[in-house]
Every structure is written in C-alpha cells, then in structure tokens.
Amino acid sequence: MRAALAGNPNAGKTTLFNYLTKSSLRTGNFHGVTTAPATKTRGGITFVDLPGAYSFSPYSMEEESAKREIENADLIINVVDCLTLSNSLNYTRAILAKNKKMLIYITKLPSLRARKGWLDASKLSRFLGVPVLCSKRELNGFIKAFRQSGKFCDPSPEPPFQKIQRDVTLKLSDCYFAGEEGFSAADRLFCNKYFSTVFFFASVTCAFFLTFHPLMPGALLKSLTEELICVKLSGAITAHMTNPAAISFIKDGVFGGAGGVLAFAPQLIILNLFLILLDESGITSALSFCTDGLFEKAGLSGRTAFSLVSGFGCTAAAIATTRGCSTVGAQRRTVAVLPYIPCGAKLPVFLTFLSPFFENPFPVITAFYFAGIAVAALLSALLKSGEEGLITEVAPICFPSPLTASIKLCFYLKGFIIKVAGIVTLFCTLSWFLANFSFTLEFVPAERSMLCFISRALLPLFKPMGVDDWRIAYAALCGFIAKENIAATISFLCPEGVPLSLSAALAVCTFVLLSPACVSAFSASVKEVGLKFSVKCVLLQLAAALLGGYAVGFIASLA
Amino acid sequence: MTVYDLKIGEEGRVEKLLLEGAPLLRLNSLGLKRGVKLRVLAYSLFNGSVLLSFGSVRVSVRRKIAERIEVSA
C-alpha cells in the first residue's frame, strides 16, 4: 500500500513524513528543500515523501516526479499549509480530479490562529468532499483504519473513506478566514534591504568570531577536545604499552587523525546552530532576498555567501553548512568553490614559508587571501546557470522552535561523527603507516619511510616551481590529510630553515592556496554532494594548483 | 507601467504577463494571473529583485521577470 504525501512547497510534507516513518529527512523553512521522492515503509504502508509542487504542469523535474508518484499511489495525503489555503487548494483540486483515495492534512494551524484566522475542518471537508484532518492523532486513527481495512486493490471506498457528501451551498469563506495577512513588524524589518544587509554581515561576523576566534568558545572547546582525546585519552591507553610502533600507531595514527577531526565538533555545533536558527526562523529566506542584488553577479545567494565566509575558518565546516542550500546546483557550485577560500589552517603554512623573506609577511599573506577570494568568485560566476532564483516564494518570519533546532543539531552531529570521522581515521591510519614504515615493513624514521620514497618520486612535479628538496614535497603530501600538518612537518624535517628561494616559496604558497582541501573537507564534500563530483573537483583543483604554482614560480623568478 | 515602477507599499492590478514558458507557468500556479491585485513589499539591494504579495503568497521575483509584469494603478 502506497501513501504519497503531496502538497505545495514548504507545506510540511517532509516533517510529517519524518513523524510517520520515524525518519530524519532534511527539512527547512523555505521552498525547495525536498528535491526527490523518498520512500519508507512502516507498519505495512509505504510512505512516499514528494517534492513540493503547485500543479501538474511540468515546471521542473521535481514536479514531474511528484506527478508520477501520485498516479502510482493508493492513498494521497495532501498536506496543506493553512496560511496559504486559498492558493494551496488549486493543487488540491488538481489531485481530486485524479479520483484517488485522498485525505487532507492541515499544517501551521497555530500560526493561523495567532494571526486571528480560523478554519472549520468539518465544513471544509464538506466543501471539498474529502476528509480534512488537523491533528496527528486524527491522522494516526485514519491510517490505522486504512491499514486494518487491508485490501487496497478493492476499488470501493472502505471506511473511513465513506463518501463525504459535497455540500455545494458552502463557500470557502464559510470554512476559512485567513486572518491578518499583513506584513508583520519582523517581516518588514528583515525585508528592509539596508537592515538586512547590515544584519547579514553582522551575523556572519558574529558566527565566525564565536566559532574561530582564539579566545572564543569555539576555538577553546576545540583545543580542549583535542587535548582530551589526543593527549589524555591516547596517553591513558598507551601508558602500559612498550612497543614503540604500537604506541606511535595509537598516538599519532588513530588518535592523532581522528582526534584532530572530532575536535572540530564544538566549532561545527556553534556554526550550525547559528545557521539552523537563521533557517528555521525564515530569516535566511528574507536575507537571501535582500542581498540577492549583491551576490547575484557572482552567481551566489545570501545563503551561499554565508558558507563561503565560513570557509575562512575551516573548509570542512563550511562545506557542511552548504546543506541548507536551496538547490543542488547552488550547493555543488559552492562546494566546488570553497577550497579556494584559504582556511584557518593555511595561515601557519603561509607564515612558515614567507617569514624568512619578509619582515612583515602579512601584506603578502593578505594578497594571497584576496587571490583566493578572487578565484572563488570568478569560478562561481563562470559556473552559474543563471536560472536559479528567478522566482522564489519567501517564507514569513517566525520564532524558531527550540525543539526542532536541537533535533536537527543532534542529527547533524551524529552524521558528522559517523561519516566524516570514519573516513578521516582511515586516511590518517594509512598515511601514518606510509610515513613510519619502509617497504620492508620495518618501523623506521621519516627519511626511510615509504612516504619519503613517494615524495622523491613526485619531486619532479614540484621541480618547475623551483623546489629541489624532497622534504617540501613530503610536507605538501601531508597537507592533504590536514593543512596543519604542513607547518608541523616542515619544522620537524627542516630544523635549519626552509630550503627555498623567494620565487619557489611564492610558488609553493600558490600551490597550497589552490590545492584540494584536506581529507576532512573531502569527506564532508562526499557526504554533501557525492563521491563522483567530489573526486572531479579534487582532480581539477590539483591540476589548477600545479599549474598555478608553475606560473607563479616562473613569473617570480623573472622578477 | 510595470511592477518595477511601483513604490514600496503600492498596489497594482495585473494587466498583462509578457512572459512565456516555465516562468509564466510558475507565476500562474502561484496565483498570479491577469486581474490579480498585487502589492510591492520590498526591493532588494541594487533593486535586483522585488518582493511581491498577492493572495496569501509572498514571492521574490528577479528584475528580468518583474519588468515583464504590466500593472495598472
């Protein structure tokens, strides 16, 4: 038995689906969150969550897939947002014409009452000739009865779908009053372009500050977590071990890698909490509208700009924030472009390479940062399709539900720990193995390890940049695990100083600027936009990084 | 005059929708047709898009499209 949940965008279908099937699919207070049907069977009924649609005319692929699923369903649960009832009923009538077993589930009733509107469910039910339900309890009762009546191939209407006599004397105004549909004070505030733009930059700065500034909770909790996991916990486990290889494996391999990534969790929580609150209250929707003129030229929206700014702190965290992007295309573009925004971990790298040559390295470093932003904006502008965002519904501003926000946050954290930490631990263990063992599988210092051999083999790639020393290549390879490793590795392997000329140093910095982000960012990317796309991005970035390095090395050596 | 000539808070009645294809279908299904009364709620930065309300719906429309919606005062 198939039950399809159909209705306008942002009606509350996915929220209902999550309730009915105990799932946790992505929801958000703006239109276009669900882009493909999702199915789950519970208690013998297969529920299908559909993307929102306004009609059966194929405007987009999402509406097409909705139409197909409706035609295949045995029961249609038409989820209707009572705040936009008169408009929503257009779709309802189109579904009614398909002559399927159908019921209507009303959402956002409390908001309707809050603005002095009302809805008479039984009158509406007689007006349309279809059962109209307003609470989950009623819905559960209906579904139970539907399940018990069993035979879905029986075309005759079974209870509770006794024919509801249509009362043609009723008008819509007898059943429903929309209340004060005004533009509330909050709406007016956030749709004011000046306030909105200021608020946007202020909230981005605030979120960034709270998350990444060294003295703020984000960074403090990160070092605390890192300390707890990488030092205390691994220390406790290795306290009674004697084999140096095993100790190194636990300390540097497993805990060094995984611990380093899990330490991101507090910062991710703060950043995501901010975004969840902005999303759920509808502020993101309003902000995106107001700042649209500003970002439109670069093919961005207010939402994606938020993610890009987060990229200055940490690319992996920023990629994770693209989850809320309104279209898949926008999300992909943002993820493809994010690694060019230099994350916080790249700063020590620039400092390490450039300090020997510049008394005050910050102007040069700032130049690199602006170069990164320029590349990101240019790439984004080149990739944009231009058709997104032509016509979008804007949600009203409301107070975000603390419960929904915390549920989302927990779900997000769970996903992060399981997926991201898993892949990263794997990579870290692998790289630890390569860096500490020779080809004869002996536990050796770095100079005789497999990774060293690989670095020497890859050195020719770095030669055009003016790099002769295998240790630089080694450090660059380590950088793919975590950019923090580069500076640490250099200081460990080259205690006498960095063996590079100025032009080579600039070339290597360019390489680091353009190179693919660390494995945490890669796994976040895989989680958000899939493996194929992520791999494509990495290959392109690698090519760009090498070419960029060559170009800068060449130009700098001429000067 | 087009929607873009209306100031914030002003209302207009849709006379013509000089559009075709997907954007026209989308506006129709949202409820915007000839004869519908709409109101301008806000403009975005650099007047890139306009926020309209009609029926019980609030829609943000980019300049390109909005300039093809003709209204009368």
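Residues numbered from 1 in each chain as written. Chains lettered and ligands numbered in written order. Predicted model: local features only at pLDDT ≥ 70, side-chain atom pairs only at ≥ 80, totals over all residues. Heavy atoms only, no water.

K.L.:
Describe in detail the overall build of chain B, supporting the description with residues and values.
P.N.:
A count of helices and strands for chain B gives two helices and five strands. Going residue by residue from the N terminus, the α and β elements of chain B occur as β-α-β-β-β-α-β. Residues classed as buried in chain B amount to 53% of the 73 residues present. In chain B, once contacts between residues fewer than 6 apart in sequence are set aside, the share between residues at least 24 apart is 59%. Of the roughly 3,400 Å² of accessible surface on chain B, a fraction of 48% belongs to carbon and sulfur atoms. (Helix = DSSP H or I, 4+ residues; strand = E, 2+ residues; numbered from the N terminus. Buried < 20%, exposed > 50% of the residue type's maximum accessible area, 1.4 Å probe, protein only. Contact = heavy atoms within 4.5 Å. Areas by Shrake-Rupley, 256 points an atom, 1.4 Å probe, with all protein chains shown as cover.)

K.L.:
Which residues make up the overall build of chain A, and what are the values?
P.N.:
Assigned secondary structure in chain A consists of 26 helices and nine strands. The 559 residues of chain A split such that 51% are buried. Contacts in chain A between residues at least 24 apart in sequence constitute 72% of all its contacts with a sequence separation of at least 6. Here chain A displays about 25,000 Å² of accessible surface, and carbon together with sulfur accounts for 67% of that area.

K.L.:
Summarise the sheet that holds strand β5 (residues 69–72) of chain B; cite the residues concerned and give the values.
P.N.:
What the six strands build is an open sheet, ordered β9(A)-β4(B)-β3(B)-β2(B)-β1(B)-β5(B); its pairing is antiparallel. Of all strands in the sheet, those bounded by a partner on one side alone are β9 (391–393) of chain A together with β5 of chain B. In this sheet, adjacent strand axes meet at a mean angle of 40° when their direction is disregarded. Relative to strand β3 (residues 49–54) of chain B, strand β2 (residues 37–43) of chain B is paired through four bridges, and the arrangement is antiparallel. Looking across to β3(B), one finds that B:Arg39 is bridged to B:Ser53. Running over the sheet, helix α13 (residues 283–290) of chain A touches β9 of chain A together with β2, β3 and β4 (57–62) of chain B and is turned about 130° from β3(B). (Pairing = 2+ DSSP bridges. Axes fitted to C-alpha atoms, helices over the stretch in contact; angles between N-to-C directions.)

K.L.:
Kindly report on the interface of chain B and chain A, identifying the contributing residues and their values.
P.N.:
Tallying the contact residues gives 29 residues for chain B and 35 residues for chain A. In total, about 2,900 Å² of surface goes out of reach between chain B and chain A, with carbon and sulfur atoms giving 60% of it. If you sort the residues of chain B by the area they bury against chain A, B:Leu45, B:Arg58 and B:Arg62 come out on top, with a joint share of 29%. Where chain B packs against chain A, one counts zero salt bridges. Linking chain B with chain A are two residue pairs in polar contact (both at pLDDT 80 or more), by the criterion used here. Looking at the side of chain B that touches chain A, the elements that each hand over two or more residues are α1 (22–30), β2, β3, β4 and α2 (63–66) of chain B. (Buried area = accessible area lost by both parts, 1.4 Å probe. Salt bridge = Lys/Arg side-chain N within 4 Å of Asp/Glu carboxyl O. Polar contact = N/O pair within 3.5 Å; in protein donor to acceptor, adjacent residues only side chain to side chain.)

K.L.:
So, helix α25 (residues 519–529) of chain A: which residues are in play, and what are the values?
P.N.:
The buried count for α25(A) comes to eight of eleven residues, which makes it a mostly enclosed element. Just downstream of α25(A), A:Gly530 is the residue with a positive phi angle, here 95°.

K.L.:
So what's going on with the packing of helix α19 (residues 362–383) of chain A against helix α24 (residues 502–514) of chain A? Residues and values would help.
P.N.:
Residues and elements named next belong to chain A. Two elements in contact, α19 and α24, have axes whose closest approach is 11 Å; the angle formed by their N-to-C orientations is 40°. The pairing of α19 with α24 is recorded here as oblique in orientation. Here α19 and α24 pass one another in a crossing that is right-handed. Note on element contacts: α24 touches α19 through Leu506, Cys509, Thr510, Leu513 and Leu514, opposite Val364, Phe368, Ala371, Gly372 and Val375. (Parallel < 35°, antiparallel > 145°, perpendicular 65-115°, else oblique. Left-handed = near helix turned anticlockwise from the far one by under 90°.)

K.L.:
Go over empty space enclosed by the protein, please, and point to the residues and values.
P.N.:
All names here are of chain A. Using the criterion set out here, one finds six cavities of 30 Å³ or more in the structure. The computed volume of the largest cavity comes to approximately 100 Å³. Going through the elements one at a time, α25 and α26 (531–558) are the ones with two or more residues in the lining of the largest cavity. Of the residues forming the lining of the largest cavity, the biggest block, four residues, is contributed by α26. Of the residues assigned to the lining of the largest cavity, the class counts are ten nonpolar, three polar and no charged. For the lining of the largest cavity, the two domains that each supply at least three residues are domain 2 (187–241 + 259–399) and domain 3 (432–558). (1 Å grid on protein atoms, 1.4 Å probe; cavity = no way out; pocket = protein on both sides within 12 Å on 5 of 7 lines; lining within 4 Å. Points joined across faces, edges and corners; volume = space filled by probe spheres on them. Nonpolar A, V, L, I, M, F, W, Y, C, P; charged D, E, K, R; others polar. Domains from an automatic or database assignment.)

K.L.:
Any chance you could break down the pattern of salt bridges for me, citing the residues and the numbers?
P.N.:
Residue and element names in this part refer to chain A. In this structure the tally under the stated criterion is eight salt bridges over all chains. We note a salt bridge from aspartate 120 to lysine 123, for which the minimum N-O separation is 4.0 Å. A relative accessible area of 29% places lysine 123 in the partly exposed class. Aspartate 469 is the salt-bridge partner of arginine 471, the closest N and O atoms lying 2.8 Å from each other.

K.L.:
Would you mind going over the packing of aromatic side chains in detail, with residue names and values included?
P.N.:
All names here are of chain A. Per the stated rule, a full pass over the model turns up eight aromatic pairs over all chains. Their ring planes at 25° and their centres at 5.8 Å tell us that phenylalanine 195 and phenylalanine 199 sit as a pair that is stacked. Highlighted residues: phenylalanine 195 and phenylalanine 199, both in helix α9 (residues 193–212), separated by four residues, approximately one helical turn. On the accessibility criterion, phenylalanine 195 (30% relative accessible area) is partly exposed. Note on phenylalanine 199: relative accessible area 24%, which makes it partly exposed. (Phe/Tyr/Trp six-rings, centres within 6.5 Å; stacked < 30°, edge-to-face > 60°.)

K.L.:
Talk me through unusual backbone geometry; I want residue IDs and the actual numbers.
P.N.:
One non-glycine residue with positive phi stands out, namely A:Asn99, at about 55°. Residue A:Asn99 is classed as exposed on the basis of its relative accessible area of 72%.

K.L.:
Please provide a residue-by-residue account of the sheet that holds strand β1 (residues 2–6) of chain A, values included.
P.N.:
Two orientations exist for strands paired in a sheet by backbone hydrogen bonds: parallel and antiparallel. Residue and element names in this part refer to chain A. Taken in spatial order, the six strands line up as β2-β3-β1-β4-β5-β7 in an open sheet, and their pairing is mixed. The two strands at the open ends of the sheet, each matched to only one other strand, are β2 (38–42) and β7 (132–133). Relative to β7, strand β5 (residues 101–107) runs parallel, the two sharing two bridges. Bridge pairing in β7 places isoleucine 104 opposite valine 132. The strands that helix α3 (residues 85–96) touches are β1, β4 (75–81) and β5; relative to β4, the one it contacts most, it runs at about 170°.

K.L.:
Explain the confidence of the model for chain B to me, using residue names and the numbers behind them.
P.N.:
Of the residues in chain B, 100% have a pLDDT of 70 or more, and the chain-wide mean is 85. The ipTM for the predicted assembly is 0.86, set against a pTM of 0.67. (pLDDT = per-residue confidence, 0-100.)

K.L.:
If you had to explain a positive patch on the surface to someone new, which residues and values would you point to?
P.N.:
On the surface, a cluster of positive charge is contributed by A:Lys22, A:Lys40, A:Arg42 and A:Arg147. Relative to the assigned elements, A:Arg42 resides in strand β2. (Patch = residues over 30% accessible without salt bridge, like charges linked within 9 Å, V, L, I, M, F, W, Y side chains within 5 Å. Lys, Arg positive; Asp, Glu negative; His and termini not counted. Charge placed at Lys NZ, Arg CZ, Asp CG, Glu CD.)

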